[in-house]
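The residues making up each chain are set out below.
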Amino acid sequence: QKLKANPYGLQVVNSYEDYHSSYAKDPKNKLIEIQKAIPNIKLDIRYATKNNFMNQVMYKEARAFARKPVVEQLKKIQFALNKKGYGLKIFDAYRPYTITLAFYQKAKDKNFVANPKKGSKHNRGCAIDLTLIDLKTGKELQMPTPYDSFAAQASPSYSNLPAPVIKNRTLLITTMQAYGFRVITNEWWHFDFVGWKKYPLMDIPFEKL
Ligand SMILES: C[C@@H](N)C(=O)N[C@H](C)C(=O)O
Ligand SMILES: [Zn+2]
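Just so you know, these numbers come straight off a predicted model, no measurement behind them. (Residues numbered from 1 in each chain as written. Chains lettered and ligands numbered in written order. Predicted model: local features only at pLDDT ≥ 70, side-chain atom pairs only at ≥ 80, totals over all residues. Heavy atoms only, no water.)

Asker: Which residues make up the layout of surface pockets, and what values do they have?
Answerer: Approximately 450 Å³ is the volume attributed to the largest pocket. Val113, Ala114, Asn115, Ser120 and Ile184 are the residues nearest the centre of the largest pocket, which is lined by 27 residues in total. Listing elements by their share of the lining of the largest pocket, those giving two or more residues are α4 (97-106) and β8 (187-193). Ranked by residue count, the leading element in the lining of the largest pocket is β8, at 4 residues. (1 Å grid on protein atoms, 1.4 Å probe; cavity = no way out; pocket = protein on both sides within 12 Å on 5 of 7 lines; lining within 4 Å. Points joined across faces, edges and corners; volume = space filled by probe spheres on them. Helix = DSSP H or I, 4+ residues; strand = E, 2+ residues; numbered from the N terminus.)

Have a look at this one:
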């Protein structure tokens, strides 16, 4: 199927029919609802609330999707963490391209949002924003900054932090890395799935999936 390029010359899947035929051809392309595949995973979908850096509701539904192989890896991560008394909490996963456009327009610091000229790995269903929780209390482990803080402390290499915070961040990053994800340079919570290049950008809202 030949896709029409958007104003930046990018090919973005924006019709359900095109998306459907892509996963009929290759089931790896299917966006899987994370909580259906991993029932005990916690969600805090900030962009479905006003509690986010945009200060506005960006998603109509508080749901999280990712490509099938991404969710399969998350399932293994959740299992490994659960054995140690921890679990995952997801802030965001697949993000329609239109939302990336809106983020880039409004964000004061463009270093923390993907440039729509390239699109985001979130638009490919191959990036996850997440943190760790303590299974007993359900509370988040202390990390260097809150989610989507555009501060220097959000960098995974920022080191002037209390030892327990570094330990929590290291546990998150090493676990994600062991299962095929890579943290990005300025956001401790954002992980790209290593095979992301094989998956096209998408612009289909959650309610149509
Ligand atoms: C906006 C933030 N949560 C995020 O995901 N940033 C990366 C760089 C992105 O937009 O892909
Ligand atoms: Zn992200």
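From this point, the narrative continues.
Asker: Can you explain the site of ligand 1? Please cite residues and give values.
Answerer: Neighbouring ligand 1 are 15 residues; Tyr47, Arg95, Ala114, Ser120 and Asp148 lie closest to it. Side-chain polar atom of arginine 95 to an oxygen atom of ligand 1: 2.8 Å apart, as the coordinates give it. Within the side chain of tyrosine 147, a nitrogen or oxygen atom sits 3.4 Å from a nitrogen atom of ligand 1. Computed on the free molecule, ligand 1 has an accessible area of 320 Å², of which 93% lies beneath the protein chains in the complex. Among the cavities detected, the one that contains ligand 1 is the largest pocket. Looking at the shell around ligand 1, the element that brings in the most residues is β8, giving 3 residues. Considering only residue class, the shell around ligand 1 consists of 8 nonpolar, 3 polar and 4 charged. (Near = heavy atom within 4 Å. Polar contact = N/O pair within 3.5 Å; in protein donor to acceptor, adjacent residues only side chain to side chain. Areas by Shrake-Rupley, 256 points an atom, 1.4 Å probe, with all protein chains shown as cover. Sits in = over half its atoms within 2 Å of the grid points. Nonpolar A, V, L, I, M, F, W, Y, C, P; charged D, E, K, R; others polar.)

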